[in-house]
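# Overview (structure and organization)
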Amino acid sequence: AYGGLAANKGGSLFTSSANIHSLFSVEKDMAQLLKRYIQDQEHRLQQLKGLVDVIERTPVPPTDNDLEPQDSFGLLHRMVEGMQHVQELFENDVQREVQDALTNNGLPNMDDLKGGAQGLLRLQRVYALKPQELLPNASAPELLAIGQEAYNQNDMASADRWLEFALSKLDDASANYVTALDYLAFVAFKLRDLPRAIEYSERLLQRDPNNTRVALNLEYYNVTLNRNRSLPDPHAKDKADAHDDADVRHDRDNILGHSEEDMERFRRLCRGETLYHPQRPLTCELKHYNQPHLFLKPIKVEHLHEGRQRLQVFRQFASPEECRHLQHAGKRRLERAVAWTDGRFQPVEFRISTAAWLQPDHDAIVKRIHGRIEDATQVDIEYAEALQISNYGMGGFYEPHFDHSSRGTNPDGERLATFMIYLNPVKQGGFTAFPRLGAAVQPGYGDAVFWYNLQPSGVGDPLTLHGACPVLRGSKWVANKWIHERGNVCRKPLPGETFTAYSSAEQRQQHCTPRLPVT
Ligand SMILES: O=C(O)CCC(=O)C(=O)O
Ligand SMILES: [Fe+2]
């Protein structure tokens, strides 16, 4: 009954919306079990109360001369059979069941909670949201936990916001109120807002006068403030804008170490800004590529960028039924997505999602979709990777990255192109953003996006830097097909095509001399 997704252990559950959703039913089951435990306990207490009542009502004969056979036997009976019954009452099966359920490794753990808080912080930072906008109904302890996570991440500006919001919801007699003040005083100090650090410390000391640590801090804050009074305050402006986004630290969302410019453009694209202004209006077309089976049902192509990467979108590439089918097929095989770091594939903080692989011959629908990918892209996908089904989790995202690697170890060559299908309507967020192209694709149910990762020379194209924006509301499922060079090195340009993987005759010639092993 606590199954959910058996393959998924606590600690990675937050990386998939499917896993999180299944936890709702795990929690409902838990409530059912606890209800049984409560009923069981109530019954138990009733029985114990009855026995205690009888004992209390029974008078103690003053001496052994006063013993009556009934009283003596009653006593023995109670103390043997009655106590045996008590013993049985304490042997509690339901309690054991509850304990087993609590140690089930399909339950979320501290890492999931932390991952969830980190996801929320990412949403707050990338979408420039206030905690009040993101989680208006959160409880004070929840807000406190998120504030503490921001503090641990050394993002003091965000910690300040979450902790302030927590404080506004806390009863000023509670222990959490003191905890929040404690954090806030230090956070304000780190943000160089000494007057606020002093105020919080004073408020804390009113409630906890024996806290010598805070008393010493307060003294330090006062001395520092007085020393600085004589100097002009270089942070006067900062303070006025203490709640401006400028001081939010974004390094936690940039584990791969991209330039601040790339990251700022990525965030702006995620928020829906357009950074690409084409010379000519962008176009869309219906194409049949001279193939008879496409005459009556041509491919719909929308061009999102005029550059050599040919950022193309195929609207309604897959039907809702096909999308649901792919989700379903992937669902049972989902595992936390990994990426190549430090010489091996492992779970990473810059990619919060789960993934499963479907072979081209998985079933008739997957086969049909493969055929359609070839129709749409006009590239050979025989040597492409299996179809990867991905599901993102809480604030799930993929930091900007390149799909091609620079390892050069794959016998099928590099990832020439990427074809990706959006398998569900994402409620909010989850764009695929290309900071250097200045364009982003908004996930549309069944839409697909396609681009080339390599330059005509075969070298990775730095303009293809792209990432998955965090999912703000709802969930996000995609299917990825990574198409390799092998099978495509000799592809001829299509009629009217301005770009192919190998655009000039010389280049094609050069690449057509087989440099890849053929089996
Ligand atoms: O989910 C997305 O929008 C992009 C995913 C992606 O870039 C990848 O998996 O390589
Ligand atoms: Fe990618």
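For the structure itself, look to the data block above.
Residues numbered from 1 in each chain as written. Chains lettered and ligands numbered in written order. Predicted model: local features only at pLDDT ≥ 70, side-chain atom pairs only at ≥ 80, totals over all residues. Heavy atoms only, no water.

## Thoughts on the coordination of the iron ion (ligand 2)
Stated formally: Atoms are scored as donors when they are N, O or S and lie within 2.8 Å of the metal, with 3.2 Å used for Na, K and Ca; no water is included, so coordination may look incomplete.
The iron ion (ligand 2) binds to the protein through H401 (NE2), D403 (OD) and H466 (NE2), with metal-donor distances spanning 2.1 Å. One chain supplies every donor to the iron ion (ligand 2), and in sequence these donors are spaced H-x1-D-x62-H.

## Let's talk about the pairing of strand β8 (residues 387-392)
Threshold: Only protein chains enter the area calculation, which uses a 1.4 Å probe; residues under 20% of their type maximum are buried, those over 50% are exposed, and those in between are partly exposed. A helix here means a DSSP run of H or I that spans at least four residues, while a strand means a run of E at least two residues long, and both kinds are numbered starting from the N terminus. Only strands joined by at least two bridges in the DSSP assignment are considered to pair.
Of all six residues making up β8, six are buried, and the element is well covered by its neighbours. The two faces of β8 match: L387, I389 and N391 on one face and Q388, S390 and Y392 on the other face are all buried. As paired strands, strand β7 (residues 353-358) and β8 are joined by six bridges and run antiparallel to one another. Paired with T354 across the strands is N391, a residue of β8.

## A short note on the pattern of salt bridges
Here is the rule: Salt-bridge detection follows one rule: a side-chain nitrogen of Lys or Arg within 4 Å of a carboxyl oxygen of Asp or Glu.
Under the counting rule described, the total for this entry stands at 27 salt bridges. Between D253 and R122 there is a salt bridge, and its shortest N-O distance comes to 3.8 Å. Taken together, the residues span a long stretch of sequence, with D253 in the loop between α11 (236-240) and α12 (260-270) and R122 in helix α4 (residues 110-126) at a distance of 131 residues. Note on D253: relative accessible area 5%, which makes it buried.

## Notes on the packing of aromatic side chains
Note on aromatic pairs: each is described by the distance of the centres and the angle between the planes. Worth spelling out the cut-off: The rule is short: rings of Phe, Tyr and Trp, with Trp giving its six-membered ring, pair when the centres are within 6.5 Å, and they are stacked under 30 degrees, edge-to-face over 60, tilted in between.
Under the criterion given, the structure shown has 14 aromatic pairs. For the pair F350 and Y398, a centre-to-centre distance of 6.4 Å together with 25 degrees between the ring planes defines the contact as stacked. Note that F350 is positioned in the loop between β6 (344-347) and β7 and Y398 in strand β9 (residues 398-401), a separation of 48 residues in sequence. Accessibility classification places F350 together with Y398 in one group, the buried group. Taken together, a centroid distance of 6.3 Å and an interplanar angle of 50 degrees make the contact between W357 and W482 tilted. Here W357, found in strand β7, pairs with W482, found in strand β17 (residues 477-484); they are 125 residues apart in sequence, far enough to count as distant.

## Observations concerning the sheet that holds strand β15 (residues 466-468)
Hydrogen bonds between backbone groups are what pair the strands of a sheet, and the pairing can be parallel or antiparallel. Under the convention used in this document: The axes are straight lines fitted to the C-alpha atoms, using for helices just the contacting stretch, and the angles between their N-to-C directions are given from 0 to 180°.
The strand order across the open sheet formed by four strands is β9-β15-β12-β13, and the pairing between neighbours is antiparallel. The strands lining the two open edges of the sheet, one partner per strand, are β9 and β13 (439-441). Across this sheet, the average inter-strand angle for adjacent strands is 15 degrees, counted without regard to direction. One ladder, built from two bridges, connects strand β12 (residues 432-434) with β15; its direction is antiparallel. Each bridged residue has a counterpart across the sheet, and for A433 the counterpart in β15 is G467.

## Observations regarding the site of ligand 1
We apply this condition: Nearness is judged by heavy atoms alone; a residue qualifies as near a molecule or strand once a single heavy atom is within 4 Å of it. A 3.5 Å cut-off defines polar contacts: any pair of N or O atoms within that distance qualifies, except that in protein one atom must be a possible hydrogen donor and the other a possible acceptor, and neighbouring residues in sequence count only when both atoms are side-chain atoms.
Neighbouring residues of ligand 1: 13 residues in total, closest Y392, H401, T432, H466 and K476. At a separation of 3.2 Å, an oxygen atom of ligand 1 approaches a polar side-chain atom of D403. Contacts to ligand 1 include H466, whose side-chain N or O atom sits 3.0 Å from an oxygen atom. Here the element with the most residues in the shell around ligand 1 is β17; it accounts for three residues.

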